[in-house]
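Structural description and commentary
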Amino acid sequence: MKNLTNLLIKGAMAYALAMHGANAAAQQVALAAEQAPVTAIDILLEPDATMLQHSEANNARLLKVYPKGFALDAAHRPHITMVQCYVRTADLDQVYDAAGKVLASANLNAMKLEAKYYYIPSKEIGLAGIVAKPTPELLKLQEDLIAAVAPFTVKTGDSAAFVPTPDGSGHDPFLIEYVSTFVPKASGEHFNPHVTTGVAPREYLDKMLAEPFEPFTFSPAGAAVYQLGEFGTAAKKLKEWDLKPSATIK
């Protein structure tokens, strides 16, 4: 009995050491990911309650016809991308300071943006969303943000710059290239400010776009910087600004 007890104690100690080693290894991997020399970021605007209500309603509608789509949640936060780029991880605090100064002077809450439906086709399905009509103020904000963070950007990165995929596989080379070329391919006259709302068959989306659409306006309610993840989602919040409503808003 004594031998059995000693054996169990030794086994428990070995298991504990093994688990400690595994946890330490996992922490080292996580730390290495956090300390990657380059980070892929999304500087974005967070929409107000009006846009959130429309986005959630459209998302619920799309999920009914295409349950394999995605729900709007923490991993798919409704937002308007302003800039995607690679920055030096060591310079992130300077990126926040530079972007914050631009955002603080932009009076975002006073912006009034007009919205309509749209989708991006992908074979038999489409990635749907609500697109906002670019305004001179929004285009100027994007231009100023790009200029503000330019000193801290690098031309490109690799999978380590992104939040790791759930299965640990690398990120799609298309995504890596897309972020590399966001400026100028998705900026200026090519800027398409939008809130992604879900996925559905293209045939259904064509019918949805043909329906009468009741126009509405919305305003940005806040801003944040996220680290990009799988499929270019805003996956990990790095910094946010709680922008107070403008005194000019009635």
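Reference entry: report on the structure contained in this document.

**A closer look at the pattern of salt bridges**
Considering all chains together, one arrives at 5 salt bridges under this definition. As a salt-bridge pair, Glu211 and Arg61 come within 2.7 Å of each other at their nearest N and O atoms. Taken together, the residues Glu211 in the loop between helix H7 (202-210) and strand S7 (217-218) and Arg61 in helix H2 (residues 49-65) connect sequence positions 150 residues apart. When the shortest N-O distance is used, the salt bridge between Arg88 and Asp91 registers 2.7 Å. For Asp91, a relative accessible area of 13% translates into the label buried.

**With respect to the nonpolar core**
By size, the foremost hydrophobic cluster in this structure holds 37 residues, and its most contacted members are Leu45, Met82, Leu141 and Leu145. At the level of elements, strand S1 (38-47), strand S2 (80-88), helix H3 (92-104), strand S3 (113-122), strand S4 (125-132), helix H4 (136-149) and strand S8 (220-228) are the ones that each hand at least two residues to this core. When neighbours within four sequence positions are excluded, Leu141 is seen to be in contact with Leu45, Met82, Val102, Leu103, Ala106, Leu108 and Met111. Formed by 10 residues, the second largest nonpolar core is a distinct cluster that contains Tyr66, Phe70, Leu72 and Ala200.

**Thoughts on the packing of H2 against H7**
Closest axis-to-axis distance for the H2/H7 pair is 11 Å, and the angle between their directions is 145°. Relative to H7, H2 is oriented so that their crossing is right-handed. Along its contact with H2, which presents Asn58, Arg61, Leu62 and Val65, the element H7 presents Tyr204, Leu205 and Met208. Here the residues of the contact of H2 with H7 sort into 5 nonpolar, 1 polar and 1 charged.

**Some words on the packing of aromatic side chains**
Evaluated as defined, the whole model comprises 6 aromatic pairs. A ring pair is formed by Phe216 and Phe218, whose centres lie 6.3 Å apart and whose planes are at 45°; its orientation type is tilted. The buried category is assigned to Phe216, whose relative accessible area is 9%. Of the residues examined, Phe218 reaches a relative accessible area of 2% and is grouped as buried. A connected cluster of aromatic rings, assembled from ring pairs, spans Tyr117, Phe213, Phe216 and Phe218.

**With respect to the sheet that holds strand S6 (residues 194-201)**
Sheet architecture is open: 4 strands sit in the order S6-S4-S3-S7, paired in antiparallel fashion. Edge positions in the open sheet fall to S6 and S7, since each of these has one partner strand only. Summarising the sheet, S4 and S6 pair through 7 bridges and their orientation is antiparallel. The residue bridging Leu127 from the neighbouring strand is Val199, located in S6. Against the sheet, H2 engages S3, S4, S6 and S7, with an angle of about 10° to S6.

Reading guide: rules and limits
Residues numbered from 1 in each chain as written. Predicted model: local features only at pLDDT ≥ 70, side-chain atom pairs only at ≥ 80, totals over all residues. Heavy atoms only, no water. Salt bridge = Lys/Arg side-chain N within 4 Å of Asp/Glu carboxyl O. Helix = DSSP H or I, 4+ residues; strand = E, 2+ residues; numbered from the N terminus. Buried < 20%, exposed > 50% of the residue type's maximum accessible area, 1.4 Å probe, protein only. Core = buried A, V, L, I, M, F, W, Y, C linked by side-chain atoms within 4.5 Å. Contact = heavy atoms within 4.5 Å. Axes fitted to C-alpha atoms, helices over the stretch in contact; angles between N-to-C directions. Left-handed = near helix turned anticlockwise from the far one by under 90°. Nonpolar A, V, L, I, M, F, W, Y, C, P; charged D, E, K, R; others polar. Phe/Tyr/Trp six-rings, centres within 6.5 Å; stacked < 30°, edge-to-face > 60°. Pairing = 2+ DSSP bridges.

As far as function goes, none of this settles anything; it's purely spatial.
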